[in-house]
Amino acid sequence: MTEQIYNVILKELNPLITENGFSEKDGVFLNKDYAFKIEHDEEKKLLKLLICVLENGEPKNFEEASVFLFENPESEHDALSAGLDFADTIRIKFGLNKSRIGNSKAEITIPKASLKTPNLEALTGKVLAIYPDLKPVYTSFVEQYGQFLYIDFYKKYVALKVREVVDSGNKKQINKIMNVFSDMYCNADKITGDIIVGIVLAKAADYNKERAEKITASLENHSFLKNAFNNYFALSLKDKKVKEMLAD
């Protein structure tokens, strides 16, 4: 991992580091309670986030908290996505909330569904346009945490909404959301695709094979997303780390 790539990741982590009193020593970031570090497995092309709770003030027994596929070692875009993912993971694992100063409901803007850039913000705007009842939920959620913790939001609210729609059997509503997911999966960045498959659809299926078959059927005309979902659902049934990530 080059210094430039490492700095891109750190840029996304710096607010968390500053707000929570972390300091760096030999590549390990520590505060009075927790520690984390980032490693690059060049052979497997992975960026890894390792975390631990301090024992007698010392970092011991690091565990793997998040893994990000990093096939292009010079990709600043992928490094940025990894940094965002790592920051959210650290906050969730350690129960750290960003300062809420300057994030009142009046200042929180709902993402626009018309955004042309295919990214997570655009996906969120499209989802909230389809399910306007989630707009006040989104506003309260961002106000509560001081930022958009997208993994939690999509897992707690969007996935459950999609599950309700799938269970309803309303083909028009099902096709509407699946068309959006398929378009974004094919055209957006990796992290957006991962959220659609690994968080929303996997959580919507909820380890239920009959429901998974309904989701697969609704994706009959969207082969890329259908194959990705089928592969990930099969993984969710047996992989402990996936189950931990999808847990409430």
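Above this text is the structure in question.
It should be emphasised that the depicted structure is a prediction, and the values quoted were computed from it without experimental measurement.

A. View of the sheet that holds strand β1 (residues 23-25). The five strands are arranged β1-β2-β3-β4-β5 in an open sheet whose pairing can be described as antiparallel. Whereas interior strands pair on both sides, the edge strands pair on one side only; in this sheet they are β1 and β5 (63-69). Each neighbouring strand pair of the sheet contributes to a mean axis angle of 25°, computed without reference to strand direction. Of the strand pairs in this sheet, strand β3 (residues 34-41) and strand β4 (residues 46-53) are connected by eight bridges, and their pairing is antiparallel. The partner of Phe36 across the bridge, within β4, is Ile51.

B. Layout of the pairing of β4. Of all eight residues in β4, seven are buried; the element is thus mostly enclosed. If you look at the hairpin formed by β3 and β4, you'll find four residues sitting between the two strands, and Lys45 has a positive phi there, around 60°. Looking at chain direction, β4 and β5 are connected through six bridges and run antiparallel. Across the sheet, the residue bridging to Lys48 is Val67, located in β5.

C. Expanded view of unusual backbone geometry. Notably, Asn61 is not glycine yet its phi reads approximately 55°, a positive angle. Along the chain, Asn61 turns up in the loop between β4 and β5. The exposed category is assigned to Asn61, whose relative accessible area is 61%. Backbone geometry at Tyr207 places phi at a positive 65°, although glycine is not the residue there.

D. Structural detail: the packing of helix α2 (residues 76-94) against helix α5 (residues 150-168). Look at α2 against α5: their axes get within 9 Å of each other, and the N-to-C directions meet at 70°. Comparing the axis directions of α2 and α5 gives the class roughly perpendicular. From α2, Leu84, Asp85, Asp88 and Ile92 reach across to α5, where they touch Tyr150, Ile151 and Asp152. Classifying every residue of the contact of α2 with α5 gives four nonpolar, no polar and three charged.

E. Focus on helix α6 (residues 171-187). Here α6 spans 24 Å end to end across 17 residues, near enough to the 24 Å set by a 1.5 Å rise per residue. Within α6 the residues assigned to the buried category are Ile174, Ile177, Met178, Val180, Phe181, Ser182 and Met184. The opening residue of α6, the one whose side-chain oxygen lies 3.2 Å from the backbone nitrogen of Lys172, is Asn170.

F. Highlighting the packing of helix α1 (residues 3-19) against α2. Remark: α1 packs on α2, axes separated minimally by 8 Å, with the N-to-C direction vectors making an angle of 25°. What the angle tells us is that α1 and α2 run roughly parallel. For the element pair α1 and α2, the recorded crossing hand is right-handed. In this structure, α1 contributes Gln4, Ile5, Val8, Ile9, Glu12, Leu13, Pro15, Leu16 and Glu19 to the contact, and α2 contributes Glu76, Ala79, Leu80, Gly83, Leu84, Phe86, Ala87, Ile90 and Arg91. Each residue belonging to the contact of α1 with α2 can be placed in one class, and the counts come to twelve nonpolar, two polar and four charged.

G. Looking closely at the pattern of salt bridges. Throughout the structure, instances matching the rule amount to eleven salt bridges. Lys37 is the partner of Glu39 in a salt bridge, and the nearest nitrogen-oxygen pair spans 3.6 Å. Judged by relative accessible area, Glu39 falls into the partly exposed class, the value being 34%. Through salt bridges that share partners, Asp41, Lys48 and Glu64 make up one connected network.

H. Spatial organisation of the environment of Lys203. Tracing the backbone shows Lys203 in helix α7 (residues 190-205). Taking the C-alpha atoms as reference, Lys203 lies 6.3 Å from Leu246; in sequence the two are 43 residues apart. Setting aside chain neighbours within four positions, we find Lys203 in contact with Lys155, Ala159, Arg163, Leu246, Ala247 and Asp248.

I. Here's a closer look at the packing of aromatic side chains. One pass over the full model with this rule turns up twelve aromatic pairs. Measuring from centroid to centroid gives 6.0 Å for Phe153 and Tyr154, while their planes differ by 85°, and the two rings are edge-to-face. The pair formed by Phe153 and Tyr154 is uniform in burial state, with each residue classed as buried. Joined through ring pairs, the aromatic side chains of Tyr138, Phe141, Phe148, Phe153, Tyr154 and Tyr157 make up one cluster.

Criteria and thresholds
Residues numbered from 1 in each chain as written. Predicted model: local features only at pLDDT ≥ 70, side-chain atom pairs only at ≥ 80, totals over all residues. Heavy atoms only, no water. Pairing = 2+ DSSP bridges. Helix = DSSP H or I, 4+ residues; strand = E, 2+ residues; numbered from the N terminus. Axes fitted to C-alpha atoms, helices over the stretch in contact; angles between N-to-C directions. Buried < 20%, exposed > 50% of the residue type's maximum accessible area, 1.4 Å probe, protein only. Parallel < 35°, antiparallel > 145°, perpendicular 65-115°, else oblique. Contact = heavy atoms within 4.5 Å. Nonpolar A, V, L, I, M, F, W, Y, C, P; charged D, E, K, R; others polar. Expected span 1.5 Å × (residues − 1). Polar contact = N/O pair within 3.5 Å; in protein donor to acceptor, adjacent residues only side chain to side chain. Left-handed = near helix turned anticlockwise from the far one by under 90°. Salt bridge = Lys/Arg side-chain N within 4 Å of Asp/Glu carboxyl O. Phe/Tyr/Trp six-rings, centres within 6.5 Å; stacked < 30°, edge-to-face > 60°.

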